[in-house]
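Chain by chain, the residues:
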Amino acid sequence: MLESLLMIIAALIAGLGGGYFIRKITAEAKISSAESAAKRIIEEANQEAKALKREKQLEAKEEVHRLRSELDKESKERRSELQRLERRLDQKEESLDRKLENVERKEEELKCKEEGNIKFREELDKLQQQQFAELERVSGMTSDEAKDLLLQRVRNEIEHEMLSMVKDMESQAKAEGEKKAREIVTLAIQRYAADHVTESTVSVVSLPNDEMKGRIIGREGRNIRALETLTGIDLIIDDTPEAVIISGFDPIRREVARLALEKLVSDGRIHPARIEEIVEKTRKEVDAQIKEEGERATFESRVHGLHPDIVVLLGKLRFRTSYGQNVLQHSIEVSHLAGIMAAELGLDVTFAKRAGLLHDIGKAIDHETEGSHVQIGAELAKKYKETPAITNAIEAHHGDVDFNTLEAVLIQSADAISAVRPGARRETLEAYIKRLEKLENIADSFEGVEKSYAIHAGREIRIMVKPDRIDDYTSIQVARDIVNKIEGELEYPGQIKVTVIRETRAVDYAK
């Protein structure tokens, strides 16, 4: 067994050795073959490199030759261009030389002409002096006197032309201004429409029956005396069926009395203690109503930031009337009209509306304080820290002071529009006729006036003048004098237009 194992091992060793020698011989043969192939490849690569080198050298020589040819060509072109530029420079130098020679020649000619002009000017001066001397001898005036005379004539002609021009410009400006103002006023009236409220100084309380009159009078008149004492008004109980008339010039007291009497009649319990209780309660209700009316006015006019006391004063205007027109409604209307016109003219709308609402604020307490409502209103505006512009608009809306702003002019215009439009205010027929007659009498009192006519309900007067006594320029002065006299002697709502007409007629007859 051991022997066979040894034999197997020896066989394995012999096989391994033989395989090693065989592989070594094979590897040496392959190496030898690879070396010969490498030599062959290197020789072939060397040959190809030499051939490629020769080829590139030829190409490089050809490229150098081509570049040299292009460079020669470009050099020739540049040389020719330089030669052309040199020729042009030579030509320009020759031209400049010729121009310089011409300039020098012209300078010499101008110098000669200037010397001739100087001599000619000296001769002209001598001739002019001789002519002046001759003119002075012929006219008998010196040159200064002649200048003064000529200037005076020119000045007179210019003044006449200026007067004519001013007249034409005034006519044109008036026509355009009236047209524009008419458009703005018409637009403002169209855009704002308000009811015309009229009131009087009496109120009427309806009664359920005539027996209630006796209860109102009370035993020995104690009830009516208590009511009149507490309210400060007069109760008129006459033969008017089922009605009691309340009379008084203080509208707030009259309103308190009316409401209190209506409550007493409705309640049925009428005695001095009950009357006192009802009057006090009614007075508080009226005070609350006054505040509500003031707030309503500010809201309707869109005027904000007023002092609370001003709002209360506005509310009191609800119970005030002027020629039958409710003052609070009139103030609201003026505020709206002034705001609309200010918007059309590009002015301060907020300021115009505020001033319009406050322009008659003095009427709220003018029966309690001395002075006109204009003065009282201005003092109230100052007291409650309104701006100086607002104060001026209040003072100027009746022409008592000059206007400081254009908005103040609009307040006066809006006040006039609200006051004079038909139905806004009442005016008795007798007072109306007297005002028209006085208006015509004022116009007729001027010399040269032939006839005058009050038209448009007294808002315009047309005056016919005698053409042989009053010319165009004098007619302007007559119109201004009549306006001044009307403003000084006549009281009227709004404004009055004065038109002076000078008519010249030429009459002839064909025979």
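Residues numbered from 1 in each chain as written. Predicted model: local features only at pLDDT ≥ 70, side-chain atom pairs only at ≥ 80, totals over all residues. Heavy atoms only, no water.

Let us now look at the packing of helix 5 (residues 251–267) against helix 6 (residues 272–301). Following both chains from N to C, one finds helix 5 and helix 6 inclined at 130°, their axes separated by 9 Å at the closest point. Considered as vectors, helix 5 and helix 6 are oriented oblique to each other. Crossing handedness for the pair helix 5 and helix 6: right-handed. The segment helix 5 lies against helix 6, with I252, E255, V256, L259, A260, K263, L264 and D267 engaging R274, I275, I278, V279, T282, R283, E285, V286 and I290. The residue inventory of the contact of helix 5 with helix 6, partitioned by class, reads 10 nonpolar, 1 polar and 6 charged. (Axes fitted to C-alpha atoms, helices over the stretch in contact; angles between N-to-C directions. Helix = DSSP H or I, 4+ residues; strand = E, 2+ residues; numbered from the N terminus. Parallel < 35°, antiparallel > 145°, perpendicular 65-115°, else oblique. Left-handed = near helix turned anticlockwise from the far one by under 90°. Contact = heavy atoms within 4.5 Å. Nonpolar A, V, L, I, M, F, W, Y, C, P; charged D, E, K, R; others polar.)

Time to look at the confidence of the model for the protein chain. Residues of the protein chain with pLDDT of at least 70 account for 86%, and the chain-wide mean is 79. Low pLDDT, under 50, characterises residues 195–200; the stretch is placed with 16 contacts to residues that sit more than four places away or in other chains. (pLDDT = per-residue confidence, 0-100.)

Restricting attention to buried positions, one finds in helix 4 (residues 222–231) the residues N223, I224, A226, L227 and T231. Angular distribution of buried residues about the axis of helix 4 spans 160°; they occupy a single face of the element. Lining the buried residues of helix 4 we find helix 3 (211–217), strand 2 (234–236), helix 5 and helix 6. A positive phi of about 75° marks G232, the residue just after helix 4. (Buried < 20%, exposed > 50% of the residue type's maximum accessible area, 1.4 Å probe, protein only. Arc of directions from axis to C-beta.)

Now for the nonpolar core. Counting 36 residues, the largest nonpolar core has L306 and L314 as its most contacted members. Listing elements by their share of this core, those giving two or more residues are helix 7 (308–316), helix 8 (327–345), helix 9 (349–358), helix 10 (373–383), helix 11 (388–396) and helix 12 (406–420). It is helix 8 that provides the largest number of residues to this core, a total of 8 residues. Excluding residues within four positions of it along the chain, L306 makes contact with T298, V311, L314, R354, L357, L358 and E386. Counting residues in hydrophobic clusters, the runner-up holds 26 residues, among them I224, I233, I252 and I290. (Core = buried A, V, L, I, M, F, W, Y, C linked by side-chain atoms within 4.5 Å.)

With respect to the secondary-structure elements, Q495 resides in the loop between helix 14 (472–489) and strand 8 (497–502). Its relative accessible area of 62% is what places Q495 among the exposed residues. As a C-alpha pair, Q495 and R459 span 36 residues in sequence and 6.4 Å in three-dimensional space.

Moving on to the pattern of salt bridges. In total, this model carries 16 salt bridges according to the counting rule given. A salt bridge links R274 to E277, with the nearest nitrogen and oxygen atoms 3.4 Å apart. On the criterion of helical spacing, the pair formed by R274 and E277 is a turn pair, its members being 3 residues apart in helix 6. On the basis of relative accessible area, R274 is assigned to the buried category, the value being 13%. Across the pair E280 and R283 runs a salt bridge whose closest N-O atoms are separated by 3.4 Å. A residue pair is termed a helical-turn pair when its members lie 3 or 4 positions apart in one helix, as E280 and R283 do in helix 6 at 3 residues. Residue classification places E280 among the partly exposed residues on the basis of a relative accessible area of 38%. When salt bridges that share partners are traced, they join E63, R66 and E70 into one network. (Salt bridge = Lys/Arg side-chain N within 4 Å of Asp/Glu carboxyl O.)

The next point concerns the sheet that holds strand 7 (residues 460–465). The 3 strands lie next to each other as 6-7-8, forming an open sheet whose pairing is mixed. Taken across any chain shown, the strands that pair with only one partner, and hence form the sheet edges, are strand 6 (449–455) and strand 8. Ignoring which end each strand starts from, the neighbouring axes of this sheet average 20° apart. Sheet analysis places strand 6 next to strand 7, joined by 6 bridges and oriented antiparallel. Counted as the bridge partner of S452 is I463 from strand 7. Sheet contacts for helix 14: strand 7 and strand 8; angle to strand 8, the most-contacted strand, approximately 150°. (Pairing = 2+ DSSP bridges.)

With that settled, the discussion passes to helix 7. By the burial criterion, the buried members of helix 7 are I310, V311, L313, L314 and G315. Looking at the buried side of helix 7, the elements it contacts are helix 6, helix 8, helix 9 and helix 10.

With that settled, consider the environment of I376. Among the secondary structure elements, I376 is positioned in helix 10. The class for I376 is buried, based on a relative accessible area of 2%. Remark: the alpha-carbon pair of I376 and A364, spanning 12 residues in sequence, is separated by 9.3 Å. Setting aside anything within four residues of it in sequence, one finds I376 in contact with G362, I365, D366, T369, E370 and G371.

Before going further, it helps to examine the packing of helix 10 against helix 11. Running from amino to carboxyl end, helix 10 crosses helix 11 at an angle of 175°, the nearest separation of the two axes being 8 Å. One way to sum up the angle between helix 10 and helix 11 is to call them roughly antiparallel. Along the contact surface, helix 10 presents V374, G377, A378, A381 and K382, while helix 11 presents T391, I394 and E395. Split into classes, the residues belonging to the contact of helix 10 with helix 11 amount to 4 nonpolar, 2 polar and 2 charged.

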